[in-house]
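Fold and geometry: a report
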Amino acid sequence: MPLFVQNKSLGRINSSADLFDQFPYLQENGRAFRCRPLVEVDPKCLLYVQQREFAATTPEDQSVSVIGSDDATTCHLIVLRHTGSGAVCLAHCDGSNTWTEVSLLVKAVISLNGSKEGRLELHLVGGFNDDSKTSHELSFNILAAFHMQKNDIHLETCCITEINDTVVDGIHRPVVYGIGVNVKTGEVFPSVFPHKGPAEELRSTRTFTGGEMVDIYDARRGLVKIGPCKWSPNMDVAFWLSQNDDTILKYLSTSPMAEPPHFVQHMKSTIQFFLEHPDCDGLFPRGQPQLYHRAKTGTWERVDQP
């Protein structure tokens, strides 16, 4: 079944530019989206999704009102929602295994739908006109992967690559780095998230060491689930902690000139966590995942497992 735009089949495209040429409405829609003001989200109702993670839930969720993610440069943020049940998923994709990841997102929403009438609606945000064309490739691969799904999917928002690009002091960078989706209403909006927990450094280390896309949320129990993860000790990465910011940006980022200001510190804290936990088994007693639930204070609190 094809991807649809305004109830018209997407057909064959060779790039995101082709898409905007075929459907000028998407270009207008994308430009309008990037002009919207950033929304400040209360962390007490937020479920934050990091790179190579996704989370899905329904409007009945009593622990999560907004799913969000940010710090996307060449990465793309995906929201898929069923209009009948309100089941919704948000993912942060970096192109590591796009075709498999898209299938996981569709299955996650369908599994929460409960066979209600409605349609699947897709929102894509991220990327920019980077020199290596990483964003362009990821935009095309995501669109192609959704187009090949067996379910009809309707593209509603497409603020990607050339539409999400701006030039500041002669340097290309994204306009929108982060988005949130209101679980109750389905509204998708630009946002930024100072709070990226729970277990921010553990989750970042999982991605840093090559972890694949993973579902971090059990909607039926209202639990964030992290791991168990596996990585091998490698003391050589300590080298990066002695390097200057420009070197870290040059070699550890796909888009050195477009990263948010906290990128270098984030990388250093991730590497430090990795060095402090060379054997990750100690983070997961008896091979069990770390579980977190929403405490009465609104924060994510670790659940002790028997």
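Provided above is the structure to which this section pertains.
Within every chain, residues take consecutive numbers counted from 1 along the sequence as written. Confidence filtering applies because this is a predicted model: local features only for residues at pLDDT of at least 70, side-chain atom pairs given and counted only at 80 or more, and all residues used for totals across whole chains, interfaces and linings. Only hydrogens and water are removed before side-chain values are computed, so all heavy atoms of the structure are retained for them.

1. Considerations on the pattern of salt bridges
As a reminder, the rule being used: By definition here, a salt bridge exists when the distance from a side-chain nitrogen of Lys or Arg to a carboxyl oxygen of Asp or Glu is within 4 Å. For helices the rule is a DSSP run of H or I covering at least 4 residues; for strands it is a run of E covering at least 2, with both sets numbered from the N terminus onward.
By the definition in use, this model includes 10 salt bridges. Of the charged contacts in the structure, one is a salt bridge between E187 and R36, with a shortest N-O distance of 2.7 Å. Of this pair, E187 sits in the loop between β13 (179-182) and β14 (188-192) while R36 sits in the loop between α2 (24-34) and β3 (39-40), and the two are 151 residues apart along the sequence. Salt-bridge contacts for R119 lead to E156; the nearest nitrogen and oxygen are separated by 2.8 Å. With R119 in the loop between α3 (98-113) and β9 (120-126) and E156 in strand β10 (residues 153-160), this residue pair connects regions lying 37 residues apart in the sequence. Within this structure, D70, D71 and K196 form a network of salt bridges that share partners.

2. Looking at the environment of H262
The condition is simple: Pairing of N or O atoms within 3.5 Å defines a polar contact, subject to two protein rules: one partner must be a possible hydrogen donor and the other a possible acceptor, and residues neighboring in sequence count only if both atoms are side-chain atoms.
Here H262 lies in the loop between α6 (245-252) and α7 (263-276). When the C-alpha atoms of H262 and R81 are compared, they prove to be 31 Å apart, with 181 residues separating the residues in sequence. Within the local environment of H262, its side chain forms a polar contact with the side chain of D71, the two groups lying 3.0 Å apart.

3. Some words on the pairing of strand β17 (residues 223-226)
Quick reminder of the rule: For two strands to pair, DSSP has to find at least two bridges joining them.
As defined by bridge partners, strand β16 (residues 217-218) adjoins β17 across 2 bridges and the pair is classed as antiparallel. Note that in β17 the partner of D218 across the bridge is L223. The hairpin turn running from β16 into β17, its antiparallel successor, is 4 residues long, and G222 in that turn takes a positive phi close to 65°. As paired elements, β17 and strand β18 (residues 290-294) share 4 bridges and run antiparallel to each other. For V224, the partnering residue across the bridge sits in β18 and is Y292.

4. So, unusual backbone geometry
For residues besides glycine, phi is generally negative; the peptide bonds are generally trans as well. Put simply, G197 and P198 share a cis peptide bond, and its omega is 5°. Within the element layout of this structure, P198 appears in the loop between β14 and α5 (200-208). Phi angles above zero are rare outside glycine, and N7 is one such case at about 65°. By secondary structure assignment, the location of N7 is in the loop between β1 (3-5) and β2 (8-9).

5. Notes on helix α4 (residues 134-147)
What counts, and what does not: Between the first and last residue of a helix there are one fewer steps than residues, each counted as 1.5 Å, and that sum is the expected span. Each residue gets one of three labels from its accessible area relative to the maximum for its type: buried under 20%, exposed over 50%, partly exposed in between, using a 1.4 Å probe on protein chains only.
Along its 14 residues, α4 runs 20 Å from first to last C-alpha, staying within 8% of the 20 Å computed at 1.5 Å per residue. Residues of α4 that are buried include every one of S135, L138, S139, I142, L143, A144, A145 and F146, and no others.

6. A closer look at the layout of surface pockets
Here is the rule we go by: Residues are said to line a cavity or pocket when one of their atoms sits within 4 Å of a point; the points come from a 1 Å grid over protein atoms alone, cavities being sets where a 1.4 Å probe fits but cannot get out and pockets being open sets with protein on both sides within 12 Å along at least five of seven lines. Grid points are joined across faces, edges and corners, and a volume is the space filled by probe spheres set on the points. Each residue receives one of three labels: charged for Asp, Glu, Lys and Arg, nonpolar for Ala, Val, Leu, Ile, Met, Phe, Trp, Tyr, Cys and Pro, and polar for the others, Gly being one of them.
Its boundaries defined by the atoms lining it, the largest pocket holds a volume of some 650 Å³. Lining the largest pocket are 27 residues, and of these Q51, T207, L252, F263 and M267 lie nearest its centre. Among the secondary structure elements, those contributing two or more residues to the lining of the largest pocket are α5 and α7. Tallied by class, residues from the lining of the largest pocket come to 7 nonpolar, 13 polar and 7 charged.

7. Considering the nonpolar core
Our working definition: Residue types Ala, Val, Leu, Ile, Met, Phe, Trp, Tyr and Cys, when buried and joined through side-chain atoms within 4.5 Å, form a set referred to as a nonpolar core. Whether two residues are in contact is decided by their heavy atoms: any pair within 4.5 Å suffices.
Residues L19, I67, I78, L122, F146, L155 and I179 are the most contacted members of the largest nonpolar core, which totals 78 residues. Among residues more than four places away in sequence, those in contact with I67 are L46, L47, V49, A55, T57, V88, L90, I179, G180, V181 and V183. Of all hydrophobic cores here, the second largest spans 6 residues; its members include L46, V66, F189 and F193.

8. Looking at the pairing of strand β8 (residues 88-93)
Each regular strand displays side chains that alternate between the two surfaces of the sheet. When you tally the buried positions in β8, you get 6 out of 6 residues, the bulk of the element. Every second residue of β8 is oriented toward a common face, with V88, L90 and H92 on one face and C89, A91 and C93 on the other, all of them buried. As judged from the 5 bridges shared by strand β5 (residues 53-57) and β8, these two strands associate in the antiparallel manner. Residue F54 lies in a different strand from β8, and its bridge partner there is A91. Alignment of strand β7 (residues 76-82) against β8, held across 6 bridges, turns out to be antiparallel. Paired with R81 across the two strands is V88, which belongs to β8.

9. A closer look at the sheet that holds β3
Spatially, β3-β14-β13-β6-β4 is the arrangement adopted by the 5 strands of the open sheet, whose pairing is mixed. Only two strands of the sheet have a single partner each, and these edge strands are β3 and β4 (46-48). As paired elements, β4 and strand β6 (residues 66-69) share 3 bridges and run parallel to each other. Bridge pairing links L46 to V66 in β6.

10. Topic: the environment of M213
Note on placement: M213 falls in the loop between α5 and β15 (214-215). The spacing of M213 and N129 is 84 residues in sequence and 25 Å in space, taken between C-alpha atoms. Once residues lying within four places of it in the same chain are set aside, the contact partners of M213 are R52, E53, F54, A91, H92, C93, E101 and L104.

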